[in-house]
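# Structural description and commentary
Residues per chain are reported as follows:
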Amino acid sequence: VIEYKIPLYLKLFNFYGRHLNYSFVVNGITQNSKNDIEKVLDISKWMQSNIRKIPKGADVVDSHPLTIIERRLGKEDQFSDLLSVLLVYADVDAFMWLHEDNYNDALTIFKINGIWSVIDPYYGIVFLNNDNRHASITELKNLNNGLFMHNLNYERIKSDNIRLIFSNKFNDKDGVIKYYTRMFDNLPTQNKINNSSVFELGGRSYTQSPLSRLKFKLYNYL
């Protein structure tokens, strides 16, 4: 193990460089996005196409979200963390949520038209309600008609595709429903999210730009 000190000016230079990279990547992905929900889907699809799941035996790198882009490899929480960072750069409120500090059970929570909803970027899953709109956290917490899972193209997830989509993590749709229902039950309520500081929500989405990092430092200081 080698330890060395990095000069402050170099840390600031690297930080600003990452900020510019995030902006460049997001602007390229969303240049044709017509609204916020298209931004969510376009960025998620880009991640599905450009970042692979870490295979068994490969080293897991816990580093800046930009490293995940450069390495093109990520695990569950890294997908959710990166998506939330890119969404905030696209002016969509978002943060990463973990179930009981289990990094294998991670989701991205995002806000569209004043409603907080959920996406699982690792498996490319969105959750729609009976009106084919993105289900709110409140709706997901009060499921009474089953779980309406769709892929990023809004195609309904069928039972015979479960093992393929979820890499044999589940054998059938009942296992998937139990998995997500358990997480939804533990999600913070929309009211709690709205009454919390963005710096208390989770992940690193609100601390990557210079201005937001300054606000974060002031928030912790005050």
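Report on the accompanying structure. (Residues numbered from 1 in each chain as written. Predicted model: local features only at pLDDT ≥ 70, side-chain atom pairs only at ≥ 80, totals over all residues. Heavy atoms only, no water.)

## Examining the overall build of the chain
Note the following rule: Here a helix means four or more residues in a row that DSSP labels H or I, a strand means two or more in a row labelled E, and each is numbered from the N terminus. We take the radius of gyration over the C-alpha atoms and set the globule estimate at 2.2 Å times the residue count to the 0.38 power. Burial classification: accessible surface area is computed with a 1.4 Å probe over protein chains only, and a residue below 20% of its type maximum counts as buried, one above 50% as exposed, and the rest as partly exposed. Only heavy atoms matter for contacts: two residues are in contact if any of them lie within 4.5 Å across the pair. We get accessible surface area from the Shrake-Rupley algorithm with a probe of 1.4 Å; when it comes to residues, only the shown protein chains can shield them.
The helix and strand tally for the chain stands at 9 helices and 7 strands. A compact globule built from 222 residues would reach a C-alpha radius of gyration of about 17 Å, and the chain, at 18 Å, matches this within 12%. Here the C-alpha coordinates of the chain stretch approximately 55 × 40 × 35 Å along the principal axes. Evaluated residue by residue, the chain yields a buried proportion of 45% over its 222 residues. Considering only residue pairs separated by 6 or more positions, the chain has 54% of its internal contacts joining residues 24 or more positions apart. Of the accessible surface of the chain, which amounts to about 12,800 Å², a share of 49% is contributed by carbon and sulfur atoms.

## Side note on the pairing of strand E4 (residues 102-112)
As a general feature of sheets, a regular strand has side chains that alternate between the two faces. Where we set the bar: At least two bridges found by DSSP between two strands are what make those strands a pair.
Two strands pair when backbone bridges link them, and strand E3 (residues 94-99) and E4 are joined in this way by 6 bridges, in the antiparallel orientation. Considered in E4, the bridge of Met96 is made with Thr108. Between E3 and E4, which pair antiparallel one after the other, the connecting turn spans 2 residues, and Glu100 there sits at a positive phi close to 55°. Bridge count between E4 and strand E5 (residues 115-120): 5 bridges; the pairing is antiparallel. Residue pairing in the sheet places Ile112 in a bridge with Ile115 of E5. Connecting E4 to the next strand, E5, in antiparallel fashion are 2 residues, including Asn113 with a positive phi near 55°.

None of the figures reported here should be taken as evidence of function without further support.
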